[in-house]
Amino acid sequence: MVKLNRIYTRTGDDGTTGLVDGSRRSKADPRLHVVGAVDEVNAAIGMARLHASPPTALALGRIQNDLFDLGADLATPDGIDGALRIVPAQVDWLEARIDAANDALAPLTSFILPAGTPAATALHLARTITRRAERDGVAAIAAGETLGHTAMQYLNRLSDYLFVLSRVENSATGDVLWVPGANR
């Protein structure tokens, strides 16, 4: 169980932060870019919950909890026994929700703009931040970090689910479609 008695510790004043194993890394470290982006995703999802329909808000609450699991996973170097990791069941849950929600939607006939209802717009913002987190993860791996395959899958599926949820939230008013060359 997490217990926070003090909010500031001064340990990060030197530009480093601690990983789960106690090691210190620069706050500019590629691994920490991913962790920070996941934190941003979580905050954006919190904003989306303010506007979402009750079923979407419920799903987003579960995702916010999973994002803390994901942050712990990403902040834990490889080889730590008993570490909290994203598991395939969490990815499977996203896939099942994507399929169920998408089956109820009309097929896309155009790209859609990140707009519409306040909930849909907030979900699109969360989706784009999730895509950045995924890119940051790929960059961290390219820089030599070992990030779990399942953690990366979770990010990829989450962005897909947020896209589908934005369409669900726009279903009463319709998607805002891109019109190629409309302003030429």
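In this text, all values refer to a predicted model and were calculated from it rather than measured experimentally. (Residues numbered from 1 in each chain as written. Predicted model: local features only at pLDDT ≥ 70, side-chain atom pairs only at ≥ 80, totals over all residues. Heavy atoms only, no water.)

(A) Spotlight on the side chain of Asn170. Structurally, the position occupied by Asn170 is in the segment after α5 (149–169). Assessed through its relative accessible area of 2%, Asn170 is described here as buried. Apart from the residues lying within four places of it in its own chain, the contact partners of Asn170 are Ala115, Gly116, Thr117, Ala120 and Asp175. (Helix = DSSP H or I, 4+ residues; strand = E, 2+ residues; numbered from the N terminus. Buried < 20%, exposed > 50% of the residue type's maximum accessible area, 1.4 Å probe, protein only. Contact = heavy atoms within 4.5 Å.)

(B) How the structure looks around helix α4 (residues 118–142). With 25 residues, α4 should reach 36 Å at 1.5 Å per residue; the first-to-last C-alpha distance of 36 Å fits that figure. Immediately downstream of α4, the backbone of Gly144 shows phi near 105 degrees, a positive value. (Expected span 1.5 Å × (residues − 1).)

(C) Representation of the packing of helix α3 (residues 88–103) against α5 within the structure. At a minimum axis separation of 9 Å, α3 and α5 run at an interaxial angle of 20 degrees. The orientation of α3 with respect to α5, classified from their angle, is roughly parallel. For the pair α3 and α5, the crossing hand works out as left-handed. Here Pro88, Gln90, Val91, Trp93, Leu94, Glu95, Arg97, Ile98, Ala101 and Asn102 of α3 come into contact with α5, specifically with Thr150, Gln153, Tyr154, Arg157, Leu158, Asp160, Tyr161, Val164, Arg167 and Val168. (Axes fitted to C-alpha atoms, helices over the stretch in contact; angles between N-to-C directions. Parallel < 35°, antiparallel > 145°, perpendicular 65-115°, else oblique. Left-handed = near helix turned anticlockwise from the far one by under 90°.)

(D) The packing of aromatic side chains, seen in detail. Applying the stated criterion across every chain yields a total of two aromatic pairs. Each ring, one from Trp93 and one from Tyr161, has its centre 6.1 Å from the other, and the planes form 85 degrees; the classification is edge-to-face. One end of the pair, Trp93, is in helix α3; the other, Tyr161, is in helix α5, and 68 residues separate them in sequence. Each member of the pair, Trp93 as well as Tyr161, is classed as buried. With 5.8 Å between their ring centres and 55 degrees between their planes, Phe111 and Trp178 make a pair best called tilted. (Phe/Tyr/Trp six-rings, centres within 6.5 Å; stacked < 30°, edge-to-face > 60°.)

(E) Main features of the pattern of salt bridges. Evaluation of the coordinates by the stated rule reveals nine salt bridges. The partner of Arg85 in a salt bridge is Asp73, and the shortest N-O contact between them spans 3.0 Å. Within this pair, whereas Arg85 is found in the loop between α2 (54–74) and α3, its partner Asp73 is found in helix α2, the two being separated by twelve residues in sequence. Asp73 sits in the buried class, given a relative accessible area of 5%. Several salt bridges converge on common partners, so that one network encompasses Arg25, Asp29, Arg31 and Glu145. (Salt bridge = Lys/Arg side-chain N within 4 Å of Asp/Glu carboxyl O.)

(F) Highlighting the nonpolar core. One finds Leu60, Ile63, Leu67, Leu70 and Tyr154 to be the most contacted residues of the largest nonpolar core, which totals 39 residues. Looking at which element gives the most residues to this core, the answer is α5, with nine residues. (Core = buried A, V, L, I, M, F, W, Y, C linked by side-chain atoms within 4.5 Å.)

(G) Spotlight on the side chain of Arg31. Position of Arg31 among the secondary structure elements: in helix α1 (residues 30–51). Looking at Arg31, the relative accessible area reads 3%, which means it is buried. Those residues in contact with Arg31 that lie beyond four places of it in its chain are Leu19, Arg25, Asp73, Leu74, Thr76, Pro77, Ala140, Glu145, Thr146 and Leu147.

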